[in-house]
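# Structure at a glance
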Amino acid sequence: MQKRRRTLHKPMRLENLSPPTALSSRTNPTAPAGGSDSQPELIYGLHAVREAFRAGTRPLQRLLVLRTDRQFHDLVQLAKAQGVPVHIEPPQAFDRLAPGGTHQGVIALIAAKPYSTMEQILERANTRGEKPFLVLLDGVEDPHNLGAVLRTAEAAGVHGVFIPERRAVGLTSVVAKVSAGAIDHIAVGRVGNLIRLIQDLKEAGLWVYGVDPQAAKLHTDIDMTGPIALVLGGEGEGLRPGVLGECDDRIKIPMLGHIQSLNVSAAAAVTLFEAVR
C-alpha cells in the first residue's frame, strides 16, 4: 500500500457548614432521583466524584457519603449547591456497591457518559483553534489501563480518545476512578471499525501513527506539530496487523534495558508528552 508523504507545510482540511439534608438509607440509595427511569452509573473515590461535580458535564443524581465531617465537606457543599440529594450510608453499603474498589467513603450516582462521534471530537479541536490531537486504542481490555490513558491524555491536551466496541473495556466505574476525574473532561468515542476510523481521519487531514515496538523510526523522529492521531495497542498482542497497515507510519519508544515494551498507559505518557514538548 502506498504511503502518503508528509510535508512540513501540509494544510489542514478542517476547518460556614450547615448540616446537609441527609436522606434516609431505608430508601434505595441507588434509585434514580426525581422519578427518572434512567439507569445511573456509579463513580467512587474523592477525586473522581469531586471532578464530576466540577466538570458539570453529566448530571449527578445522588451523593452517598460515609459522614458529613471535614473530609467530605467540599463534596457535601458542591452537592447542596447543585441540588443533588445527599445520603449518609454505613460502611457496608459502600463495600456492597463498590466491591473491591477503593471508594474512600464516597460514591456518586451519575448519568451515563455519552460517547462522542468523530465529527464532534474534531469540532472540539476546531472550536479551540487547535490542530486535532487524538488517541486511538486497539484492544485495551484492562480498565486500569484505560483509566490511566484517559488521565494522561487529558493532561496532555488530547481532544479525544477512541476505543473499539469489541475486544475492549468501556467506560466503567473503575475506569472513572483510575482516571481521577479525567473521564469528565475528555471526549471519548466508541467505534465499530477502527480501521475505517483511521481511513476517515486521514481523509480529514490527520496523520496517523501506530506505536509499535518493531518500528524502524523513533517517536522523536516524526513531526508531531500537525494534526495527528496516535494508535496504541492493548495488553499482550499490541496493535493488530490490519490496524498497523492502515497507519501512515510506525514509531517506537527506545528501550535500553532487558524489557522491550512498555505498558500501554506508560507508552501513551511517553509519546503524548513528546508531542506536547
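All residue numbers refer to position in the chain's written sequence, counted from 1. Reporting in this predicted model follows two pLDDT cut-offs: at least 70 for local features of residues, and 80 or more for side-chain atom pairs to be given and counted; totals over whole chains, interfaces and linings ignore these cut-offs and use all residues. Computation of side-chain values: all heavy atoms of the structure, hydrogens and water removed.

## Describing the overall build of the chain
We apply this condition: Secondary structure elements are defined from DSSP: runs of H or I of at least 4 residues count as helices, runs of E of at least 2 residues count as strands, and each element is numbered from the N terminus. Relative accessibility thresholds used throughout: buried, under 20% of the residue-type maximum; exposed, over 50%; partly exposed, between the two (1.4 Å probe, protein chains only). Areas reported here follow the Shrake-Rupley algorithm with a probe of radius 1.4 Å; residue values treat only the protein chains shown as occluding.
Along the chain, the regular secondary structure elements total 9 helices and 12 strands. For the chain, with 277 residues in total, the buried portion stands at 48%. If you sum the accessible surface of the chain, you get close to 13800 Å²; carbon and sulfur atoms cover 51% of it.

## With respect to the environment of Ala-216
Turning to its location among the elements, Ala-216 is positioned in the loop between strand S9 (207–211) and strand S10 (217–218). When its relative accessible area of 78% is taken as the criterion, Ala-216 is described as exposed. Between the C-alpha atoms of Ala-216 and Asp-249, which are 33 residues apart in sequence, the distance is 9.6 Å.

## Details of the confidence of the model for the chain
Segments scoring low in pLDDT should not have their predicted coordinates read at a detailed level. Rules: Scored from 0 to 100, pLDDT reflects the predictor's confidence in each residue. Contacts: residue pairs with any heavy atoms within 4.5 Å of one another.
Chain-level pLDDT for the chain is 84 on average; 86% of the residues reach the 70-or-more range. Here residues 7–38 scores under 50 on pLDDT; set against residues more than four positions off or in separate chains, the count is 58 contacts.

## Remarks on the side chain of His-159
Note the threshold: Think of a polar contact as two N or O atoms within 3.5 Å of one another; within protein, one of them needs to be a possible hydrogen donor and the other a possible acceptor, and neighboring residues in sequence only count if both atoms come from side chains.
Mapped onto the elements of the fold, His-159 is located in the loop between helix H5 (143–155) and strand S7 (160–164). Residue His-159 is classed as buried on the basis of its relative accessible area of 1%. There is a polar contact of 2.6 Å between the side chain of His-159 and the side chain of Glu-130. In this view, His-159 contacts Ile-121, Arg-124, Ala-125, Arg-128, Glu-130, Lys-131, Pro-132, Phe-133, Leu-134 and Ala-187; residues no more than four positions away in its chain are not counted.

## Thoughts on the pattern of salt bridges
A pair can form between side chains of opposite charge whenever their charged atoms are brought close. Let me state the cut-off plainly: What counts as a salt bridge is simple: a side-chain nitrogen of Lys or Arg found within 4 Å of a carboxyl oxygen of Asp or Glu.
Tallying each qualifying case throughout the model produces 11 salt bridges. The closest approach of N and O atoms between Lys-217 and Asp-249, which form a salt bridge, is 2.6 Å. Placement of Lys-217 in strand S10 and of Asp-249 in strand S12 (residues 249–252) is noted, with a sequence separation of 32 residues between them. Judged by relative accessible area, Lys-217 falls into the partly exposed class, the value being 37%. The network of salt bridges with shared partners includes Glu-41, Arg-58 and Asp-184.

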